[in-house]
Amino acid sequence: MIKAENLKKSFTTGIFRKRQIEVLKGVSFEIQAGETLGLVGESGCGKSTLAKIIVRLLPLSSGKIFFEGKDLTSLKTSEMQKTRSKMQLILQHPEAALNPRMKIYDCIVEPLRIHGLAEKGSKEERAIVEKLIEVVGLQPEHLTRYSKEISGGQAQRAVLARILSLEPKFIVADEPTSMLDVSVQAQILNLLKDIQKKFNMAYLFVSHDLEVVRWMSDRIAVMYKGNIIEIGRSEKVLENPIHPYTKSLVENIVNPLKAMKKSSKKEKTSPAFLDWKDDAACSYCISCPNVHQVCGSKPQLQEVETGHHVACWFG
Ligand SMILES: Nc1ncnc2c1ncn2[C@@H]1O[C@H](COP(=O)(O)OP(=O)(O)OP(=O)(O)O)[C@@H](O)[C@H]1O
């Protein structure tokens, strides 16, 4: 369904002394129809940048993105517009996707009108909206309200209805429930799972919360400083983490208190993965005896078991 190959992204910052920051350093993964790939990693490692790049809301510096076999980086604007409707992004703040001056009904039908898929005010349009709100669990009375007049959970449901109107095949959900109460969070996560099953969509699910990612994902990719350092079946990655950074992430959810105590000592004895440099060959690799020949100067994913890949790091 979706395939990312060696994605790189740099931003230029600074007004006078222009400086390039490399945020994505060569990210590759694939997601199949009906599958969820969870993406976790510390704040600032590049998750949201990757989320926006994959649905082409941000330009790439280099690399390729294939959607249903089509190379998105070489599509013309008109073709890209058609394809983009099949790839949708859900963000943390549902309000950002809902125009505050429009009633929920109009917010939901707007994409249909833009793409000429329904005539404004027609019976057909009304029937589509009624079906969509039934799928996402909104009530007809919500349709006549503005986004500020509904709750966060209801707003996220309205965003889902709006997105589903275009029958997407791939959804990138970037922290879609992090602003919601725990009980509402569970409802929206279950709803996301239900509609995925119903429409066989592929998800890239981005979150800080490993428990949420474990619940949602078939596979998990762990990002660290712009690289995917470990990727595999969720249970394998979480129950048998191999890369030191993944281990520390998993330890943090199992015992957050212990992790806090440990992190206060961290400054003095920096763990190996914090010294990971791009410009040197690694000296130790979990699965590769010929480290220097195979790993070269960049951390590369090595296969540990079928489907479970881990990057090299300094041991
Ligand atoms: N437009 C931009 N210009 C310059 N730097 C940027 C820009 N967008 C993001 N960055 C930088 O890129 C890095 C990655 O940002 P990104 O938002 O992708 O991280 P993240 O992993 O999603 O973090 P968080 O979990 O906190 O949302 C950060 O250091 C950020 O400051």
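Residues numbered from 1 in each chain as written. Predicted model: local features only at pLDDT ≥ 70, side-chain atom pairs only at ≥ 80, totals over all residues.

Asks: How should the site of the ligand be read in this particular structure?
Replies: In the neighbourhood of the ligand, 13 residues make up the surrounding shell, with Phe11, Ser43, Lys47, Ser48 and Thr49 lying closest. Contributing elements (two or more residues each) for the shell around the ligand: strand 1 (2-13), strand 2 (19-31) and helix 1 (47-54). Tallying contributions element by element places helix 1 first for the shell around the ligand, with 3 residues. Partitioned by chemical class, the residues of the shell around the ligand number 4 nonpolar, 8 polar and 1 charged. (Near = placed C-beta within 6 Å. Helix = DSSP H or I, 4+ residues; strand = E, 2+ residues; numbered from the N terminus. Nonpolar A, V, L, I, M, F, W, Y, C, P; charged D, E, K, R; others polar.)

Asks: Please clarify how helix 1 should be interpreted in this entry.
Replies: Residue pairs spaced three or four apart in an α-helix point in one direction, given the helix's 3.6 residues per turn. Within helix 1, burial applies to Lys47, Leu50, Ala51, Ile53 and Ile54. Projected down its long axis, helix 1 shows its buried positions confined to an angular sector of 170°, all on one face. (Buried ≥ 20, exposed ≤ 12 C-beta atoms within 10 Å, placed from the backbone. Arc of directions from axis to C-beta.)

Asks: What is the right way to look at the nonpolar core in this model?
Replies: Within soluble globular proteins, side chains that are nonpolar generally end up buried alongside one another. Judged by nonpolar contacts, the single largest core of 79 residues is most densely connected at Ile54, Ala158, Ala161, Leu204, Ala221, Val222 and Ile228. Ranked by the residues each element gives to this core, the list is headed by helix 5 (residues 152-164), at 7 residues. Residues within four places of valine 222 in sequence aside, it is in contact with Val40, Gly41, Ile228, Ile229, Glu230, Val237, His243, Tyr245, Thr246 and Leu249. (Core = buried A, V, L, I, M, F, W, Y, C linked by C-beta atoms within 7 Å. Contact = placed C-beta atoms within 7 Å.)

Asks: Whenever I open this one, the sheet that holds strand 6 (residues 87-90) confuses me. Can you help?
Replies: Sheets are built from strands that pair by backbone hydrogen bonding, the pairs being arranged parallel or antiparallel. If you trace the 8 strands from one edge of the open sheet to the other, you get 6-7-8-3-9-10-12-11, paired in mixed fashion. Looking at which strands have only one partner, the edges of the open sheet turn out to be strand 6 and strand 11 (301-305). Mean inter-strand twist for the sheet, computed between neighbouring axes without regard to direction, equals 20°. Sheet topology places strand 6 next to strand 7 (residues 170-174); 4 bridges connect them, and they run parallel. Directly across from glutamine 88, in strand 7, lies its bridge partner isoleucine 171. (Pairing = 2+ DSSP bridges. Axes fitted to C-alpha atoms, helices over the stretch in contact; angles between N-to-C directions.)

Asks: Where do I start with the pairing of strand 4 (residues 62-67) in this structure?
Replies: The side chains of a regular strand alternate between both faces of the sheet. In the sheet, strand 1 pairs with strand 4 via 5 bridges, with the strands oriented antiparallel. The residue of strand 4 that forms the bridge with lysine 3 is phenylalanine 66. Between strand 4 and the antiparallel strand that follows it, strand 5 (residues 70-71), lie 2 residues; glutamate 68 among them carries a positive phi value of about 50°.

Asks: What exactly am I supposed to notice about the packing of helix 3 (residues 104-114) against helix 5 here?
Replies: Pairs of packed helices are described in terms of their axes, by the angle between the two and the distance that separates them. Where helix 3 contacts helix 5, the axes come no closer than 7 Å and their chain directions differ by 30°. Considering the angle they form, helix 3 stands roughly parallel to helix 5. Handedness of the crossing formed by helix 3 with helix 5: right-handed. Between helix 3, through Ile104, Cys107, Ile108 and Pro111, and helix 5, the contact on the second element is made entirely by Ala158, Ala161 and Arg162. Residues of the contact of helix 3 with helix 5, tallied by class, amount to 6 nonpolar, no polar and 1 charged. (Parallel < 35°, antiparallel > 145°, perpendicular 65-115°, else oblique. Left-handed = near helix turned anticlockwise from the far one by under 90°.)

Asks: I would appreciate a short explanation of the sheet that holds strand 1 in the present structure.
Replies: The strand order across the open sheet formed by 4 strands is 2-1-4-5, and the pairing between neighbours is antiparallel. Two strands in the sheet have a free side with no partner beyond their single neighbour: strand 2 and strand 5. When strand 1 meets strand 2, the two strands line up antiparallel, connected through 10 bridges. Following the sheet pairing, threonine 13 is matched in strand 2 by arginine 19. Across the sheet, helix 1 touches strand 1, strand 2 and strand 4, and the angle it forms with strand 1 is around 120°.

Asks: Honestly, the pairing of strand 12 (residues 308-311) in this entry has me stumped. Any pointers?
Replies: Bridge count for strand 10 (residues 227-233) against strand 12 is 2 bridges, and the pairing is antiparallel. If you follow isoleucine 231 over to strand 12, its bridge partner there is histidine 309. Looking at chain direction, strand 11 and strand 12 are connected through 4 bridges and run antiparallel. Directly across from leucine 301, in strand 12, lies its bridge partner alanine 311. Taking the residues between adjacent antiparallel strands as the criterion, strand 11 and strand 12 are bridged by 2 residues, where glycine 307 takes a positive phi near 80°.

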